[in-house]
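The lines below spell out each chain.
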Amino acid sequence: MAERGGRGSGGGHGSLDKSITLPPDEIFRNLENAKRFAIDIGGSLTKLAYYSTVQHKVARVRSFDHSGKDIENEPLYEISVQEEITARLHFIKFENTYIETCLDFIKDHLVNTETKVIKATGGGAYKFKDLIEKKLGLKVDKEDVMTCLIKGCNFVLRNIPHEVFAYQKDSDTEFRFQTNHPNIFPYLLVNIGSGVSIVKVETEDKFEWIGGSSIGGGTFWGLGALLTKTKKFDELLQLASKGQHTNVDMLVKDVYGGAYQTLGLSGNLIASSFGKSTTADKEFSKEDMAKSLLHMISNDIGQLACLYAKLHNLDKIYFGGFFIRGHPVTMRTITYSINFFSKGEVQALFLRHEGYLGAIGAFLKGAEQDNPNQYSWGENYAGSSGLMSTSPDVYPMQRTRSGTFDMLEMDRLERPLVNLPLLKDPSTYIPDTVDLTDDAMARKYWLTCFEEALDGVAKRAAASQPDSVDAQERAEKFRQKYWNKLQTLRQQPFAYGTLTVRSLLDTREHCLNEFNFPDPYSKVKQKENGIALKRFQSVIESLDSLGWEERQFALVKGLLAGNVFDWGAKAVSDVLESEPQFGFEEAKSKLQERPWLEDSYSQWLQRLKDVTAPSSPSCPFLAEGNPVQPAPGWL
Amino acid sequence: MEPPRSCGDGAEEEKKPRRRGGGADAGPPQLRRRSSGGADGAAGPQPRERGGSVSRQRRDSVRKNRPLFPWFGLDIGGTLVKLVYFEPKDITAEEEEEEVENLKSIRKYLTSNVAYGSTGIRDVHLELRDLTLCGRKGNLHFIRFPTHDMPAFIQMGSEKHFSSLHTTLCATGGGAYKFEQDFRTMGDLELCKLDELDCLIKGVLYIDSVGFNGHSECYYFENPTDAERCQKLPFNLENPYPLLLVNIGSGVSILAVYSKENYKRVTGTSLGGGTFFGLCCLLTGCSTFEEALEMASQGDSTKVDKLVRDIYGGDYERFGLPGWAVASSFGNMMSKEKRESVSKEDLARATLITITNNIGSIARMCALNENINRVVFVGNFLRINTISMRLLAYALDYWSKGQLKALFLEHEGYFGAVGALLELLDSA
């Protein structure tokens, strides 16, 4: 019940594929600095994890001491680009058939000799133990599957925004991402491998196997193979998605002639799975049988999950395991079942990085001395593949599985992320005004906007490092990478969670950093900040001369105008291109009249009146040295 | 336990519309009336009156408020029709003389045969003898036939002019609804439709109270976890409440019963007897339930299922899982080599074990959620199915660490039909 089987045809030891050549810049990056390896080998997919350090440029600001000097012609601060070393976690997922090629590759590129052991987990770990030890010269140290899974789950729930989603097949947005809740416990993890394990997780280190079921992914696969003579898991799912279960199942209406009204059971409910196949002389189609089997298994798992959730008083159920792993078909049937049996009280939840949990957990076990749990880690959008649908029927654009390397990279953040203590309810606070996953029109608009601005950004990036010989080349690589990300997001807007203008900017920043451009705008910002600071005094004076109410409005307009520059909307970039002298006053004058698109100014003003004495000093606006921050909540 | 109910005297009984006026003086002429004109036998709880012909009645020999013979209870399930028939043994000479030909022939036909047509079967071993029902002494017979023969059954009723008997046919199960129209048009019979869960509980409580010809109706398995010492023993269900009633027919319904009138359907699952039989037909080509069970009794499910020990080499101690537990039903069938090496018997056995364990698991969770520790399993899935019964007993005992007890009833699948018969008597 705890086994995490694999998916697909399952690469046996005997069928290792050595035909591929791995591009060193894209897969298994930073191996020269890698340490603390961990591996999770499932029935057909291997997940490898390691820790590396990345050296990259950061822009640091140092202000000059201008006391007593003529500041008219001097810059107010200096920007120095420094080399900084940060920690990065790498997770790579590939088919078991490539394991030998991958191990050879790692051996060839591994420089660090401190590494002596590799943590291993997953059902296939024992099978490849000798191969790993021989190839890498590392001792394989096995870790408990479920412990790794839970550790990994806690880690992604804590660190990755929009890790969790609900699946809604029949809505415009199939993936409904959830805002991270500050408190992730307690929850139920239902892992559907070949069997089903139901684990209750109460704290970081406290979890309990509370039950399971033998009817799981292995039943679908094994029984499906017997019934349909179809050998592969993915093909069985495809068959199921084309079938009609009503030809095989006995429905309530087959027994009652209609609904069972006394109990409010609809006529379309399944009264008896395979109840119509109780005859030796009738033929049933493969598709219909596969569909019936899928319903039978999904409903059963959903029912048991609800019974366990009820008994333990839990309302968060995360589903994982190869039966679920990115398959819209099974996510849909499981979601249906949970809705039905819990009468809507419990939501079926899924994880974007579900496939990595074991590897992440095993890695964390091996890296305990580095205390990775003390830090906050952020998903690096440049180095991560993002969530892909693996159902070719639903998403014909998606990559083919074979030869695919899926990646997740996470950077250690400079400081731990905490919730803003002023927020009324951090779990419901959404800093973004437009959900581009949801709003197709807005998505198109913004993606086009970022595409059209890309050449300019690349140019500016190259120009920001005039002394570097390869700046042009790197800028072009950046351009290509970000372009590809934008194309991915056009096809799969849900790839990195809820798509927002902020996430598009973050992705761009990650791509820029990838090619060592810490801030292409630093020179521009320096110039503009110089100008701004020189005008600072007069702006303050003019604000102070206003009456209290007028001043609040002027401040808000100032904030909006300032943010207009940073958000880089197309209209603004057009203006900037055509009017080089466009400045703060011009931006303010271009602001729309109230009411704004999202306008709660009056309430805000009222609240200010209620809580503060009308004497607050005005604040200056400076171009931010850091990436764009979320818009204020009232915007 | 409530005493055997005599008819119409229960003060708590809902007063149901009756068709019987003071028709005690209805004379013999009508007895021989063979035409079915205006036959509205609806004396049951369902106030479905067709036409207004209530004046002429056959005479009940004892002239009491009891329904006309024959007394049937019908439960039309998704796969099987269950029929109980009360055969009066205290027929007086006078009564015998007055008995219509029709009625007599039905009685003789049902009681002198053990098989009807090619598919109807009387479970002689379940017959309840010397029962007193509504002041009449007699035997209760238990008959079953496949639901797909329902049209033929109705046809037969029509040919035998069943409607001329002016009896009420009380029926429960989904088929009471599904075939209502057929009964009306083909058989000129108006069914009295009854809720299947009401009937089920009524039937269980009644049969348990009268016992099984001097023996206990309810039994359990002692030492279910020990194959050597395991034995079937009577269980006294004197204070039955609360109990969890798990009815395993084609599908499964699970009821929490708190008193005779207070019960709720907790949940159900579509993985039931129909699933076992349906999958067996597909996997082995068998064509009867008996054949499927026979195959299962000879197979080895551990060749088909992946056990905990197949994955961990032994027990999975981290979670306290024993090595013999099934980790993945049909899990070994993911491998081509193993698919080619299993027999049909192994597959039948694995199907039986899978379905049974799953029902046990859901029942156990319901019992925990409802805080009930006695679980009564009924339904025709358990007929001649000792493997499943012992497995349920074992699984409930093992996984609950002895907290839950699995109980079984001798008349497995007939309680709905018995309940329907009791409704007929109560309504009179």
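Residues numbered from 1 in each chain as written. Chains lettered and ligands numbered in written order. Predicted model: local features only at pLDDT ≥ 70, side-chain atom pairs only at ≥ 80, totals over all residues. Heavy atoms only, no water.

Here's the deal with the sheet that holds strand 13 (residues 263-269) of chain B
Residues and elements named next belong to chain B.
Now for step 1: The strand order across the open sheet built from seven strands is 10-9-17-16-11-12-13, with neighbouring strands paired in mixed fashion. Either end of the sheet is taken by a strand with one partner, and the two such strands are strand 10 (231-234) and strand 13. The mean inter-strand angle of the sheet, taken between neighbouring strand axes irrespective of direction, is 30°.
Now for step 2: In terms of strand pairing, strand 9 (residues 218-222) meets strand 10 through four bridges, oriented antiparallel. Each bridged residue has a counterpart across the sheet, and for Tyr220 the counterpart in strand 10 is Leu233.
Now for step 3: Sheet strands in contact with helix 11 (residues 344-370) are strand 11 (243-248), strand 12 (252-257), strand 13 and strand 16 (374-378), and its direction is about 145° off that of strand 13. (Pairing = 2+ DSSP bridges. Helix = DSSP H or I, 4+ residues; strand = E, 2+ residues; numbered from the N terminus. Axes fitted to C-alpha atoms, helices over the stretch in contact; angles between N-to-C directions. Contact = heavy atoms within 4.5 Å.)

Points about the domain arrangement of chain A
All names here are of chain A.
Now for step 1: In terms of domain boundaries, chain A breaks down into domain 1 (31-65 + 73-159 + 358-412), domain 2 (164-248 + 284-351) and domain 3 (440-521).
Now for step 2: Computed over C-alpha atoms, the centres of domain 1 and domain 3 are 23 Å apart.
Now for step 3: Listed by partner, the interface residues are 20 residues for domain 1 and 17 residues for domain 3.
Now for step 4: Where domain 1 abuts domain 3, roughly 1500 Å² becomes buried across the two surfaces, and 56% of that area is made up of carbon and sulfur atoms.
Now for step 5: Of all residues in domain 1, the largest losses of buried area upon contact with domain 3 belong to Lys57, Tyr381 and Ala382, amounting jointly to 43% of the total for that side. (Domains from an automatic or database assignment. Buried area = accessible area lost by both parts, 1.4 Å probe.)

Description of the interface of chain A and chain B
Now for step 1: Chain A puts 54 residues into the contact, and the matching count from chain B is 59 residues.
Now for step 2: Contact between chain A and chain B buries roughly 4600 Å² in total, counting both sides, with carbon and sulfur atoms accounting for 65%.
Now for step 3: For the pair chain A and chain B, the number of links is two salt bridges.
Now for step 4: One salt bridge in this structure joins Glu370 of chain B and Lys310 of chain A, with 3.8 Å as the shortest N-O distance.
Now for step 5: Joining chain A to chain B, the criterion identifies 20 residue pairs in polar contact (both at pLDDT 80 or more).
Now for step 6: At the level of secondary structure, the elements contributing two or more residues to the side of chain A that touches chain B comprise helix 3 (145-159), strand 10 (207-213), helix 4 (217-228), helix 6 (252-256), strand 12 (270-272) and helix 7 (286-311) of chain A. (Salt bridge = Lys/Arg side-chain N within 4 Å of Asp/Glu carboxyl O. Polar contact = N/O pair within 3.5 Å; in protein donor to acceptor, adjacent residues only side chain to side chain.)

Topic: the domain arrangement of chain B
Residue and element names in this part refer to chain B.
Now for step 1: According to the domain assignment, chain B consists of domain 1 (48-202 + 415-426), domain 2 (218-298 + 345-409) and domain 3 (305-341).
Now for step 2: Its C-alpha centre places domain 2 at a distance of 23 Å from the equivalent point of domain 3.
Now for step 3: Taken together, the contacts link ten residues of domain 2 with nine residues of domain 3.
Now for step 4: A combined buried area of about 670 Å² lies between domain 2 and domain 3, and 73% of that area is made up of carbon and sulfur atoms.
Now for step 5: When residues of domain 2 are sorted by the area they lose upon contact with domain 3, Thr354, Tyr398 and Trp399 head the list and together hold 48% of the total.
Now for step 6: At the surface where domain 2 touches domain 3, the tally comes to zero salt bridges.
Now for step 7: Counting across the interface, domain 2 meets domain 3 through zero residue pairs in polar contact (both at pLDDT 80 or more).
Now for step 8: Contributing elements (two or more residues each) for the side of domain 2 that touches domain 3: helix 11 and helix 12 (386-399).

Points about the sheet that holds strand 5 (residues 139-142) of chain A
Neighbouring strands of a sheet are bound in pairs by backbone hydrogen bonds; such pairs are parallel or else antiparallel.
Residue and element names in this part refer to chain A.
Now for step 1: The seven strands lie next to each other as 5-4-1-2-3-16-15, forming an open sheet whose pairing is mixed. Here the strands that pair on one side only, and so sit at the sheet edges, are strand 5 and strand 15 (377-379). Averaged over all pairs of adjacent strands, the angle between strand axes in this sheet comes to 30°, irrespective of strand direction.
Now for step 2: Here 19 bridges tie strand 2 (residues 45-63) to strand 3 (residues 77-95), and the two strands are oriented antiparallel to one another. Across the sheet, the residue bridging to Lys47 is Lys93, located in strand 3.
Now for step 3: Contacts between helix 9 (residues 357-366) and the sheet are confined to strand 1 (35-41), strand 2, strand 3, strand 4 (117-121) and strand 16 (406-412), with strand 1 contributing the most and set at about 145° to the helix.

What to know about helix 3 (residues 150-159) of chain B
Residues and elements named next belong to chain B.
Now for step 1: Within the sequence span of helix 3, burial applies to Met150, Ile154 and Gly157. For helix 3, the angular spread of the buried residues around the axis is 55°, confining them to a single face.
Now for step 2: At the C-terminal side of helix 3, His161 shows a positive phi close to 55°. (Buried < 20%, exposed > 50% of the residue type's maximum accessible area, 1.4 Å probe, protein only. Arc of directions from axis to C-beta.)

As for the nonpolar core
Now for step 1: By size, the foremost hydrophobic cluster in this structure holds 102 residues, and its most contacted members are Phe220 and Phe319 of chain A together with Val246, Phe377 and Phe408 of chain B.
Now for step 2: Among the elements that make up this core, the one with the highest residue count is helix 7 of chain A (13 residues).
Now for step 3: Excluding anything up to four places from it in sequence, Phe220 of chain A contacts Ala225, Phe233, Leu236, Leu237, Ala240, Ala290, Leu293, Leu294, Ile297 and Phe323 of chain A.
Now for step 4: Residues Val252 of chain A together with Tyr85, Leu126 and Leu197 of chain B belong to the second largest nonpolar core, which totals 76 residues. (Core = buried A, V, L, I, M, F, W, Y, C linked by side-chain atoms within 4.5 Å.)

Details of the environment of Leu74 of chain B
All names here are of chain B.
Now for step 1: Mapped onto the secondary structure, Leu74 falls in strand 1 (residues 71-76).
Now for step 2: For the pair formed by Leu74 and Ala420, sequence separation is 346 residues and the distance between their alpha carbons is 6.3 Å.
Now for step 3: Here Leu74 is in contact with Val81, Lys82, Leu83, Met150, Phe153, Leu169, Cys170, Ala171, Thr172, Phe183, Ala417 and Ala420, once residues within four sequence places are set aside.

As for the pairing of strand 17 (residues 405-409) of chain B
Residues and elements named next belong to chain B.
Now for step 1: Judged by how many residues are buried, strand 17 sits mostly within the fold: four of five residues are covered.
Now for step 2: Here strand 9 runs beside strand 17; their pairing, made up of two bridges, is antiparallel. When the bridges of strand 17 are listed, Tyr219 appears paired with Phe408.
Now for step 3: Strand direction decides the pairing type here: strand 16 and strand 17, joined by four bridges, are parallel. Counted as the bridge partner of Phe377 is Phe408 from strand 17.
Now for step 4: The handedness of the strand 16 to strand 17 crossover, carried by helix 12, is right-handed. (Right-handed = clockwise from strand over helix to strand, strands pointing away.)

Side note on the packing of aromatic side chains
Now for step 1: The full count for this structure, using the stated rule, is 59 aromatic pairs over all chains.
Now for step 2: Where Phe233 of chain A meets Phe322 of chain A, the ring centres are 5.1 Å apart and the plane angle is 75°; that geometry is what we call edge-to-face. Taken as a pair, Phe233 of chain A in helix 5 (residues 233-242) and Phe322 of chain A in the loop between strand 13 (316-320) and helix 8 (328-342) lie far apart in primary sequence, 89 residues in all. Judged on exposure class, the residue Phe233 of chain A and its partner Phe322 of chain A are both buried.
Now for step 3: Within the aromatic cluster, the residues linked to one another by ring pairs are Phe165, Tyr167, Phe175, Phe177, Phe319, Phe350 and Phe494 of chain A.
Now for step 4: The side chain of Lys93 of chain A reaches across the aromatic face of Tyr356 of chain A, ending 5.0 Å from its centre.
Now for step 5: When the ring centre of Tyr109 of chain B is taken as origin, the NZ or CZ atom of Lys160 of chain B, which lies over that ring, is 5.8 Å away. (Phe/Tyr/Trp six-rings, centres within 6.5 Å; stacked < 30°, edge-to-face > 60°. Lys NZ or Arg CZ within 6 Å of the ring centre and 35° of its normal.)

Some points on the side chain of Ser337 of chain A
Residue and element names in this part refer to chain A.
Now for step 1: By secondary structure assignment, the location of Ser337 is in helix 8.
Now for step 2: Relative accessible area serves as the criterion here: at 0%, Ser337 is assigned to the buried category.
Now for step 3: A polar contact is formed between the side chain of Ser337 and the backbone oxygen of Ser298, at a distance of 3.4 Å.
Now for step 4: In contact with Ser337, other than residues within four places in its own chain, are Ser298, Asn299, Gly302 and Gln303.

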